[in-house]
Amino acid sequence: MSLAQDDRGQQRAPGWLARRLHRSETLRGWVLLSPTALVMAVGILVPTAILLAMSFWSRQGLDFDTTLTTANYARAASEPIFGAFLLRSFWISGLATVLTVLLCYPMAYFVAFHIHHNKMLWIVLITLPFWTSYLLRVFAWKVILGYEGVVNSGLLSMGLIEEPLAFLLYSQAAVVITLAHAWAAFAILPLYVSLEKIDRSLLEAATDLGDGPVRRFLRITLPLSLPGIVAATFLIFIPTTGDYITPALIGGPDGAMIGNLIQLQFGAVNNWPMGAALSIILMLWIAAVGVAFLIVTRIVKARLA
Amino acid sequence: MDVIDHLAAVKIGKLSRRAFNRSLLAAGVGVLSTPFMPRRALAQGAQGTFFTWGGYDIPELFVDYQTKHGALPNFAIFGGTEEGLTKMRGGYVVDVAHPCNAGLVRWIDSGLFQPIDTSRLSNWPDVLPELIDIQGNLGEGGRPWLAPFDWGQTSITYRTDIFELEGEESWNMLWDARYGGRLGSLASGGDAWWCGAIKAGVDFKDIATDEAFDKIAAVMREQRPLIRVYTDDTSSLEQALSSGELAAAMTWNSSATLLKSQGVPVEFAKPKEGALTWVCGVMIHKDAPNLDKAYDIIDSLLSVSAGEFMIRDYGYGHSNRKSFEAFDEPTLAALGLSKNPADILGAGHFQIPQTQEWESRMNEVFELIKAGY
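These figures come from a predicted structure and were not determined experimentally.

Points about the overall build of chain A
Alright, step 1. For chain A, the helix and strand inventory stands at 14 helices and two strands.
Alright, step 2. In terms of overall dimensions, chain A is more spread out than a globule: its C-alpha atoms have a radius of gyration of 26 Å, far above the 19 Å expected for 305 residues.
Alright, step 3. On the principal axes, the C-alpha backbone points of chain A span a range of 95 × 75 × 40 Å.
Alright, step 4. Taking all contacts inside chain A whose residues are at least 6 apart in sequence as the whole, residues at least 24 apart take part in 68%.

Comments concerning the confidence of the model for chain A
Residues and elements named next belong to chain A.
Alright, step 1. Taken residue by residue, chain A gives an average pLDDT of 89. The fraction at 70 or more is 95%.
Alright, step 2. Ranking the helices and strands of chain A by mean pLDDT puts helix 4 (residues 80–114) first, with 94, and helix 1 (residues 16–23) last, with 82.
Alright, step 3. In the predicted structure, residues 1–6 sits below a pLDDT of 50 and forms six contacts with residues beyond four places in sequence or in another chain.

What to know about the pairing of strand 7 (residues 227–231) of chain B
Residues and elements named next belong to chain B.
Alright, step 1. Strand 7 sits mainly inside the fold: five of its five residues count as buried.
Alright, step 2. Where strand 6 (residues 183–186) meets strand 7, four bridges bridge the pair, whose relative direction is parallel. Pairing of Ser185 across the sheet is with Tyr230, part of strand 7.

So, unusual backbone geometry
All names here are of chain A.
Alright, step 1. Phi is positive for Asn118, which is not a glycine, with a value near 55 degrees.
Alright, step 2. Checked against the element boundaries, Asn118 lands in the loop between helix 4 and helix 5 (119–127).
Alright, step 3. According to the C-beta neighbour criterion, Asn118 is exposed, with 10 such atoms within 10 Å.
Alright, step 4. Of note, the phi angle at Tyr170 is positive, near 55 degrees, even though the residue is not glycine.
Alright, step 5. Within the element layout of this structure, Tyr170 appears in the loop between helix 7 (150–157) and helix 8 (172–182).

Some points on the nonpolar core
Alright, step 1. Grouped together as the largest cluster of nonpolar side chains are 150 residues, with contacts concentrated most on A:Ala187, B:Val96 and B:Ala248.
Alright, step 2. Per-element accounting of this core gives the leading share, 11 residues, to helix 4 of chain A.
Alright, step 3. Counting contributing residues, this core receives three or more from each of domain 1 (49–151 + 278–346) and domain 2 (153–277 + 353–371) of chain B.

Structural notes on the interface of chain B and chain A
Alright, step 1. The partner chain A presents 17 residues to the 26 residues of chain B that form the contact.
Alright, step 2. Of all the secondary-structure elements, those providing two or more residues to the side of chain B that touches chain A are helix 5 (81–89), strand 7, helix 10 (234–243) and helix 16 (356–371) of chain B.
Alright, step 3. Ranked by residues supplied to the side of chain B that touches chain A, first place goes to helix 16 of chain B with nine residues.
Alright, step 4. For the side of chain B that touches chain A, the per-class residue count stands at seven nonpolar, nine polar and 10 charged.

Procedures and definitions
Residues numbered from 1 in each chain as written. Chains lettered and ligands numbered in written order. Predicted model: local features only at pLDDT ≥ 70, side-chain atom pairs only at ≥ 80, totals over all residues. Helix = DSSP H or I, 4+ residues; strand = E, 2+ residues; numbered from the N terminus. Rg over C-alpha atoms; globule rule 2.2 N^0.38 Å. Contact = placed C-beta atoms within 7 Å. pLDDT = per-residue confidence, 0-100. Buried ≥ 20, exposed ≤ 12 C-beta atoms within 10 Å, placed from the backbone. Pairing = 2+ DSSP bridges. Core = buried A, V, L, I, M, F, W, Y, C linked by C-beta atoms within 7 Å. Domains from an automatic or database assignment. Nonpolar A, V, L, I, M, F, W, Y, C, P; charged D, E, K, R; others polar.

Shown next as structure tokens:
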């Protein structure tokens, strides 16, 4: 019975909006979504649209020539530097991603299967280093890998090397190491969640049916934790490809990535439309690599199942 | 309606509900209306903002300002003047910014600045006139756009115990393949490109020609594989020089002075081809939100106490004539300075203001070279 039919005169009849909301579940959903949707529209869609529009403009002295042109994209395709930087970024962040997932998997596995009390405390302890700022972690690695850093002075005092290793800092290797550490929390958490969810009785069944620990891991644990691996890979690969701070601080001349190139377009080079075009290209490539990766994991999953 | 009375009343349980509600209402109205209060009221407590390089954000330069306002100005840091200008073009508003002579004309043309009313600066009469009279500085009515503050050189700081000098000091030191991987450079084209021009033998008058671009680009490409790090962070270069990671690096006066004061065996080269010389100063943003404090920032920078610090601790020249009185000629000569800045500025290569097109093109080419192309 709706309130409108109530025969006590003072009771106010519900307004038009309330009636509509009451009837339509879709409308209720939209109203609930609207604050987030608004933030998304203002904070993400509009800037992306501006970026897209700007990428078809061109630079004219200090201002923009707003006649639409694909010249920026043509330039990105024809000049080797852009392709090379993109490839280098994918290479560095791909290596960092693989390294991170490989290093974090055992940690997540240990907490999920071998810790029975105070699991939350363990998770908090593992993520503790990530409570400091990203920038501080990068600087910490500068101290560790530096010419007079922890690694070099350690090796020197043990007599293993006679001169400090110069390649540790200002190199692609330094960027990979730093990224692998700086993003570890983003791998541990999804991996832990997917491992934690695995039904232990499946593992018992596998053991009962004669699988050794290795076969059991490969046939049960690994396939069932695949969603966590996929999530971790995406969470690390996407942001690190465009990373700018790490290569800027410890990459040196040969460790610069596409994010640094984009920053330069908006800074010293002062060619915003080119920077916008490069950002769009980067987004499209990351999307393409992501889709390809998803398809591969689908196939692998189908094989394993 | 006294707060303490209220609290006491609550303690002894005598506060009526009505009185309590009234205080709640007052607090609510206060909180709600704060954002609508005139902005000026808020800005009064704010300090002026100084947009500059790292290293100028220190109390020693703002003794007068601090005495007057009880706090330091706010600082915003850029890596190079071009980066700073781009940020301000994008809408970033500061009170005072810190460009150099090479960018002066472009900074004025950007329309983001206002000429300086020198009558509001108590230290202005002592400013060296040859520094005020740089190309393009005097606007209508003889008002300058830029109040000169510091001047100095870009040259090579090298470790005397590591770098074996072959003959005279020269720009070739930063192209010396024996020290490949142990050389450093400033990342900003505003320094490096001009030094490249000196090395390539390009006259600064011809620096905008295509031929000059090709020549300078060629020497920068030749240098790139030898460079361990390009950075605008001078303390990175100083640390690397002090640890021996770098044997030589392109720096300003201050790096050499700082390292020497710490006992590191370094020398600030006087290259036979001549060093790069520059004058930097401060400009006021046209929409400066704290105009009075902007003048106080400038006056503080021009003061003798700031000048003596600049000369003694950083080894830079200062624009106040009186700052030099505390130093004798040999001390100044050892720092590569003189009481007569014309001697130093004339002996080196003085940057010539360029167009925006040139600046963008130079940065684009130089960034490509640094990236390996």
